[in-house]
Amino acid sequence: MNTLDELGIFQELEKDLHRNKLSFNQDWRFFRGDIQGSEADDFDDSAWEIVHLPHTVRVEPAHCSGGLNYLGIAWYRRHFYVDKAYKDQKIFVEFEGAKHTADVWIDGKHLSTHYGGYLPFTLDITDHVTADGETDHVIVVKLDNSDMPDVPPGKPQGELDFCYYGGLYRNVWLHTMDKLHITDAIYANQQVGGGLFITYSDVSSLKAQVNIQSHIRNEYDIPKACSVTHYIVNDNKEIVSKVSSGLHNIDQQKDHTFTQIVTLSEPKLWHPDHPYLYTVYTVVYDSEVVVDSYETKIGIRHIRFDGEGFHINGTLMKLIGANRHQEYVYVGDGLSDSLHRRDAIKLREGGFTIIRTGHYPQSPAFMDACDELGLMCIVPTPGWQWFRDNDTFKERSYQDIREMIRYHRNRPSIVLWEPILNETDYSEQYTRTALEVTHAEYPGDQCYAACDNYRIAAIDYDVVYGAALRDHQGSFIREWGDHYLEQAGPRHTHLRCSRGTRDFYPGGESGMLQSSKERTDILNNILATKGLSGGALWTGIDTNRGYYDNIAVVVHWIYFVYPNIAIIYFKAKVNLLYKYRVFVQRQWYSLLMIGH
């Protein structure tokens, strides 16, 4: 098999600057609070703190549950110039996450207001900058993470079970590309469209059909004769399959979607035990000239939820996992990519095969690690015990569903979408529309949507949380090991144990032993229940809570590596493990703060 090097593909791609993804994380000026006129291009920000992203608006206490985290306005300003090499190219700025309402200006001109802190947004700044290598431009972002009932999740911080940490807490990127280019799936805002959409059919160990949709936009003022070639490359950089389109004439300021199918012989299938990834190299031609290219990691697999349980590549498998919040001690949600990856590694080493990213889509760094490590995922839309039956809230929530699918749809790790609002009394119309939006965005038999089984219209969902309501419906336990009576009633359960001085949990060695035993009993019931796909522990890693003055804790998940040996209960080791985790987190924080 030929490699891309042998065919000269890499040399062709590197010959000119076709597409660049440049870090925009460094040297932001930051101010916590509000200052009138901060959006102006001539505003004097020289006294502001210099920070690097990902960034949290304030270093929080290790235990900041109970509404102690910062809520309010924060400003970010970054001066930059655009290199001469990018003259006549398209230039975009992508924010992976900004909590949770963001206003953006370039050189004093307001470009956009974005609502919602858990999904990315991209802005076209081409016409607002000069690519001469010297003009001083300034991009300004005003963030507000105050209570906003019509911005999902929407629930006020004082009533929410996790923290609305603020800031530019994920990466920011500057993208440059030719005017004839592959679009950004979220920016394109097309149903079942935009960017690259890769699905699979007829999957077996003998062959797999790879279906590739490519959305190309021509932003020149003249028509372009365009073609697209995809190379599927294995981990030795050998080309295992290739498909090329014919030339298609795309009119000026218009777009076109290429649909191509390629068959792969004897594919290595993606599975948690062997999460094999191929790379799809997509090359765009203007006649015979390469103008754009893109790399997409893919995992070929076939999944099915039904009355028997969960199947992957034709084999029945019980999914045992946990829930994960994205926060970290001191820095809130402002984790580096390496810390996201560290959590994924620890969860996978703990024996888990599925993670529910409760209660919102999470960082691409975490999701990349799940693809690579074989951690399957349930991805929910932002929501927690809050519903506003008005058009603004509902339309923003539906758009969240669309965007989380567009953003993550090519990932092999995602086996289940959760388009409903967690533990929420929403309307029947919302329930049905959320299901319709999900399947409209991801047609075919590889899209599964989940809903609590006690909700109106849950019978129509592909998977329910709890017992199935009809034949062939999948079922899963989204949270186990978490009991309401601990928080609102008599403390008759020991399912949690004490963390710190402010917890209301009984704690102590007897509580820890009982907690381990009771959780092991629940786990054994999940394993023994026929037809149940599996369950996710609440929670995989300790986190702060927004509304209550304690920490959402776990009897440490390490014992799940060999669940039947949990009879040992780990005794005092549980407390030692917790202390070790806090120590490690402090060391990581010290490293993170170097240079800040």
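None of these values were measured; they are calculated from a predicted model.

A. Highlighting the sheet that holds strand β20 (residues 303–306). Strand order in the open sheet formed by three strands is β20-β21-β22, and the pairing between neighbours is antiparallel. The open sheet is flanked by β20 and β22 (315–317), the only strands paired with a single partner. If you compare each strand with its neighbour and ignore which way they point, the axes differ by 30 degrees on average. Where strand β21 (residues 309–312) lies against β22, three bridges are found, and the strand directions are antiparallel.

B. Spatial organisation of the pairing of strand β5 (residues 90–95). For β5, a buried count of six out of six residues is recorded, marking the element as mostly surrounded by other parts of the structure. A two-sided burial pattern is seen for β5, the buried positions comprising Lys90, Phe92 and Glu94 on one face and Ile91, Val93 and Phe95 on the other. In the sheet, β5 pairs with strand β10 (residues 172–177) via six bridges, with the strands oriented antiparallel. Residue pairing in the sheet places Glu94 in a bridge with Trp173 of β10. Of the strand pairs in this sheet, β5 and strand β8 (residues 121–124) are connected by four bridges, and their pairing is antiparallel. Bridging from a neighbouring strand, Phe92 pairs with Asp124 of β8.

C. Region of the structure containing the pattern of salt bridges. One pass over the full model with this rule turns up 28 salt bridges. Residue Glu372 pairs with Arg341 through a salt bridge whose shortest N-O separation is 2.8 Å. In this pair, Glu372 sits in helix α4 (residues 364–373) while Arg341 sits in helix α3 (residues 337–349), placing the two residues 31 residues apart along the sequence. Here Glu372 falls in the partly exposed class, since its relative accessible area comes to 38%. Notably, a salt bridge pairs Arg432 with Glu428, separated by 3.0 Å at the nearest N-O pair. Separated by four residues within a single helix, Arg432 and Glu428 lie in helix α6 (residues 428–441), roughly one turn from each other. Here the salt bridges share partners, and the residues they tie into one network are Arg356, Glu418, Glu423, Asp452, Arg478 and Glu479.

Definitions and cut-offs
- Residues numbered from 1 in each chain as written.
- Predicted model: local features only at pLDDT ≥ 70, side-chain atom pairs only at ≥ 80, totals over all residues.
- Heavy atoms only, no water.
- Pairing = 2+ DSSP bridges.
- Helix = DSSP H or I, 4+ residues; strand = E, 2+ residues; numbered from the N terminus.
- Axes fitted to C-alpha atoms, helices over the stretch in contact; angles between N-to-C directions.
- Buried < 20%, exposed > 50% of the residue type's maximum accessible area, 1.4 Å probe, protein only.
- Salt bridge = Lys/Arg side-chain N within 4 Å of Asp/Glu carboxyl O.

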